[in-house]
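Here are the chains, one letter per residue:
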Amino acid sequence: MRRISQISDLHFGRTDPAVVEGLVRELDADRPDLLIISGDFTMAARRSEYAEAQAFLARLPKPWIAVPGNHDISPFHLFQRFLRPFSRYRRFVAPDTEPTFQDAEIGVVCLNTVRTWAPEQDWSQGKIRRRQIAMAEARLAAMPKNLFKIVVGHHPFMPPPWDEEARLVGRADKALAAFRRHGVGLTLAGHLHRHYARFAEADGEGTERVAVDAARMQGGRGRLLAVQAGSATSTRLRGNEPNAYNRIRIEDGLATVTVRLWTGTGWADAG
Ligand SMILES: [Fe+2]
Ligand SMILES: [Fe+2]
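Residues numbered from 1 in each chain as written. Chains lettered and ligands numbered in written order. Predicted model: local features only at pLDDT ≥ 70, side-chain atom pairs only at ≥ 80, totals over all residues. Heavy atoms only, no water.

Trainee: Any details on the pairing of strand 9 (residues 206-211)? Residues and values, ideally.
Mentor: Remark: a regular strand shows side chains that alternate across the two faces of the sheet. In this structure, strand 8 (residues 196-203) lies alongside strand 9, joined through six bridges in antiparallel fashion. Bridging from a neighbouring strand, F199 pairs with V210 of strand 9. Counted along the chain from strand 8 to the antiparallel partner strand 9, the turn is two residues long, and its residue G204 has a positive phi close to 60°. (Pairing = 2+ DSSP bridges. Helix = DSSP H or I, 4+ residues; strand = E, 2+ residues; numbered from the N terminus.)

In structure tokens:
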């Protein structure tokens, strides 16, 4: 059995200090086997914001792994944005923007979905490159068959059930098909500051989007559950949703996701 927590969209520069302290306390008491941070550490990649993020990371239980979000590259310093977009991320968060994690029960592959430049689209939108899909496939294939496999990115792989037209990470369908071929049971992402989960099932060349009962979010055993986290600590909340993060329990090939919501004084299970 493994216990994982996923936190996302911290957005230092626009955080609620009480929520940050509450989250550090809860994670320290809970001590998950692995903490996954799915991007947007800062608001605008400012040095002061990264310094806050670094101080926060130093207080978290280990091990943790992370990917960058679109807010983690500078919108101001164009030279830096194009030539060395992740230099501050590498210095303050982690040197590797696409880490992996593996133990006797779980295998986690992280993808950096942040794009610094795209001719036809908004910079905040992410995309998975073909070579990243190939890299993820190679990493997944190298892991023992019996591991529960998870893929992490910042941008969503599946749209919210209330907005089928929501922009997904570029090449989401191809990526999900590849992940399914390798027996991935969960994808974890953020960016939208709303929590939800949906099954991504094979539908010819594409992906069928299947609704999930919020009280029973379970992936694995042949089904790929695409899980989204809300914003753990930011005051940039959407849809009247409080700060939130995901607790995931992995046992007998099944991952059960529980959303934890900030109540104003602490965290409690959703629903
Ligand atoms: Fe965000
Ligand atoms: Fe984002």
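Read on for the rest.
Trainee: Give me the pattern of salt bridges: which residues, what numbers.
Mentor: Pairing is possible between side chains that carry opposite charge, provided their charged atoms lie close to one another. Inspection of the entire model under this criterion finds 16 salt bridges. A salt bridge links R260 to D269; the shortest N-O distance between them is 2.8 Å. By relative accessible area, R260 is classed as buried at 10%. Relative accessible area serves as the criterion here: at 45%, D269 is assigned to the partly exposed category. A single network of salt bridges, built from pairs that share partners, joins R3, E26, D30, R247, R260 and D269. (Salt bridge = Lys/Arg side-chain N within 4 Å of Asp/Glu carboxyl O. Buried < 20%, exposed > 50% of the residue type's maximum accessible area, 1.4 Å probe, protein only.)

Trainee: Lay out helix 6 (residues 172-181) in plain terms, naming residues and giving numbers.
Mentor: Regarding helix 6, the residues found buried are A172, A175, L176, A177, A178 and F179. Close packing links the buried residues of helix 6 with helix 5 (130-141), strand 6 (148-152), strand 7 (184-189), strand 8, strand 9 and strand 11 (224-228). Residue G183 follows helix 6 closely and has a positive phi angle near 75°. (Contact = heavy atoms within 4.5 Å.)

Trainee: Talk me through the coordination of the iron ion (ligand 2); I want residue IDs and the actual numbers.
Mentor: Distances from the iron ion (ligand 2) to its protein donors, namely D40 (OD), N70 (OD1), H154 (NE2) and H191 (ND1), fall within the range 2.1 to 2.2 Å. One way to put it: the four donor atoms around the iron ion (ligand 2) meet at angles of 89 to 158°, and that makes the site irregular. Considered as a linear motif, the donors of the iron ion (ligand 2) on their single chain read D-x29-N-x83-H-x36-H. Between the iron ion (ligand 2) and the iron ion (ligand 1) the interatomic distance comes to 3.5 Å, and D40 is a ligand of both metals. Taken together, the residues span a long stretch of sequence, with D40 in the loop between strand 2 (34-38) and helix 2 (47-58) and H191 in the loop between strand 7 and strand 8 at a distance of 151 residues. Looking at D40, the relative accessible area reads 1%, which means it is buried. (Donors = N, O, S within 2.8 Å, 3.2 Å for Na, K, Ca; no water. Tetrahedral: all angles 85-135°; square planar, octahedral: opposite > 155°, others 65-115°.)

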